Amino acid sequence: MNIEIFDDFLTEYQCQSIDNTLSHSSFPWYFNKDLNGVEFVGNFYFFHLFLERRMNNKESQYLPVVLPIIDKLGVPLSKVRRIKANLSTRTQRRYNHQVHYDYQPNSPWISVCYYVNSTNGPTVFDNNRWIKRKVKSKRNRLARFDGSQGHHSTTPTDANYRITINIDYER
């Protein structure tokens, strides 16, 4: 699986602005009790949907907060399918969420994951049972990859939370 990594993706000002907004006590996070549709103890997270084209072009008032990422990618907003932030809370031991796929193989999409803060909870990419690649959650890092390949998030054990911004856009 080809994963492109870009460190120091945004300017420090842009990075700090996103971090300050998403970690502020007034930012609206929504609870999802069943990550990937499976409900069991520990399989939850919080999310914020900035943009969703599949749901009547649902758009959050906070969309401008993440536009610097789209601008730096050089992708017109009209080609963006979804922008979603995920927040996982700290756990005593690392919890591996279930493998999921953002879209079907041979779709016209590409996925990116922007890491808002640094934690020891990586993103794990599963090519098959035996080959796994981990991308560390490093502040202001962006990973670009084929979202039709299996991947999953993990919880942090060294920070109170882990925030990522996931974007799917047309190639």
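Quick note: structure is the one above.
This structure is a prediction, so every number in the text was calculated from the model and none was measured.

K.L.:
When you look at the overall build of the protein chain in this model, what are you seeing that I'm missing?
P.N.:
For the protein chain, the count of helices and strands is two helices and eleven strands. Tracing the protein chain from N to C terminus, the helices and strands come up as β-α-β-β-β-α-β-β-β-β-β-β-β. For 171 residues, the compact-globule estimate of 2.2 N^0.38 gives 16 Å, and the protein chain sits close to it at 15 Å. Overall, the C-alpha framework of the protein chain stretches about 40 × 35 × 30 Å when taken along its three principal axes. Looking at the protein chain as a whole, 48% of its 171 residues qualify as buried. Of all intrachain contacts in the protein chain linking residues separated by at least 6 positions in sequence, the fraction that spans at least 24 positions is 76%. In the form shown here, the protein chain has an accessible surface area of approximately 9100 Å², with 49% of it arising from carbon and sulfur atoms. Taking the average location of the 23 positive side-chain charges in the protein chain and that of its 16 negative ones, the two points are 5 Å from each other.

K.L.:
Please explain the packing of aromatic side chains as it appears in this structure.
P.N.:
Aromatic rings considered in pairs are described by the distance between their centres and by the relative angle of their planes. One pass over the structure, following the stated rule, counts ten aromatic pairs. Between F27 and F50, the ring centres sit 6.3 Å apart and the planes meet at 35°, which makes this aromatic pair tilted. On the criterion of sequence distance, the pair formed by F27 in the loop between α1 (12–22) and β2 (30–32) and F50 in strand β3 (residues 45–52) is long-range, its members being 23 residues apart. The buried category is assigned to F50, whose relative accessible area is 0%. Through a chain of ring-to-ring contacts, the aromatic side chains of F27, W29, F50 and Y62 assemble into a single cluster. Sitting over the face of the ring of F9, K72 holds its NZ or CZ atom 4.9 Å from the ring centroid.

K.L.:
Looking at this structure, I do not really get the pairing of strand β11 (residues 161–170). What am I missing?
P.N.:
Every other side chain in a regular strand lies on the same face of the sheet, so the side chains alternate between the two faces. The buried count for β11 comes to eight of ten residues, which makes it a mostly enclosed element. Where strand β5 (residues 80–89) meets β11, nine bridges bridge the pair, whose relative direction is antiparallel. By the bridge assignment, A85 is partnered in β11 with I165. Relative to β11, strand β6 (residues 109–115) runs antiparallel, the two sharing seven bridges. Bridging across to β11, Y114 finds its partner in I165.

K.L.:
What should I look at first to understand the sheet that holds strand β10 (residues 150–152) in this one?
P.N.:
Sheets are built from strands that pair by backbone hydrogen bonding, the pairs being arranged parallel or antiparallel. The three strands lie next to each other as β8-β7-β10, forming an open sheet whose pairing is antiparallel. Both outer strands of the open sheet, β8 (132–137) and β10, are each paired with one neighbouring strand and no more. Taken over all neighbouring pairs, the strand axes of this sheet differ in orientation by 20° on average, direction set aside. Of the strand pairs in this sheet, strand β7 (residues 119–126) and β8 are connected by five bridges, and their pairing is antiparallel. Note on β8: the bridge partner recorded for T119 is S137.

K.L.:
In this structure, what is going on with the state of the cysteines? I would like to understand it.
P.N.:
As used in these notes, a disulfide is a covalent bond between sulfur atoms, one from each of two cysteines. Per the counting criterion, the structure on display carries zero disulfides. With no disulfide partner, C15 has as its closest neighbouring cysteine sulfur the one in C113, 13 Å distant. Here C15 falls in the buried class, since its relative accessible area comes to 1%.

K.L.:
How should I be thinking about the environment of F50 in this particular structure?
P.N.:
Along the primary structure F50 and Q104 are separated by 54 residues, whereas in three dimensions their C-alpha atoms are 22 Å apart. Among residues more than four places away in sequence, those in contact with F50 are L22, F27, K58, E59, S60, Y62, L63, V66, I83, K84 and A85.

Procedures and definitions
Residues numbered from 1 in each chain as written. Predicted model: local features only at pLDDT ≥ 70, side-chain atom pairs only at ≥ 80, totals over all residues. Heavy atoms only, no water. Helix = DSSP H or I, 4+ residues; strand = E, 2+ residues; numbered from the N terminus. Rg over C-alpha atoms; globule rule 2.2 N^0.38 Å. Buried < 20%, exposed > 50% of the residue type's maximum accessible area, 1.4 Å probe, protein only. Contact = heavy atoms within 4.5 Å. Areas by Shrake-Rupley, 256 points an atom, 1.4 Å probe, with all protein chains shown as cover. Lys, Arg positive; Asp, Glu negative; His and termini not counted. Charge placed at Lys NZ, Arg CZ, Asp CG, Glu CD. Phe/Tyr/Trp six-rings, centres within 6.5 Å; stacked < 30°, edge-to-face > 60°. Lys NZ or Arg CZ within 6 Å of the ring centre and 35° of its normal. Pairing = 2+ DSSP bridges. Axes fitted to C-alpha atoms, helices over the stretch in contact; angles between N-to-C directions. Disulfide = S-S within 2.5 Å.

Scope: geometric values only; no functional claims are made or implied.
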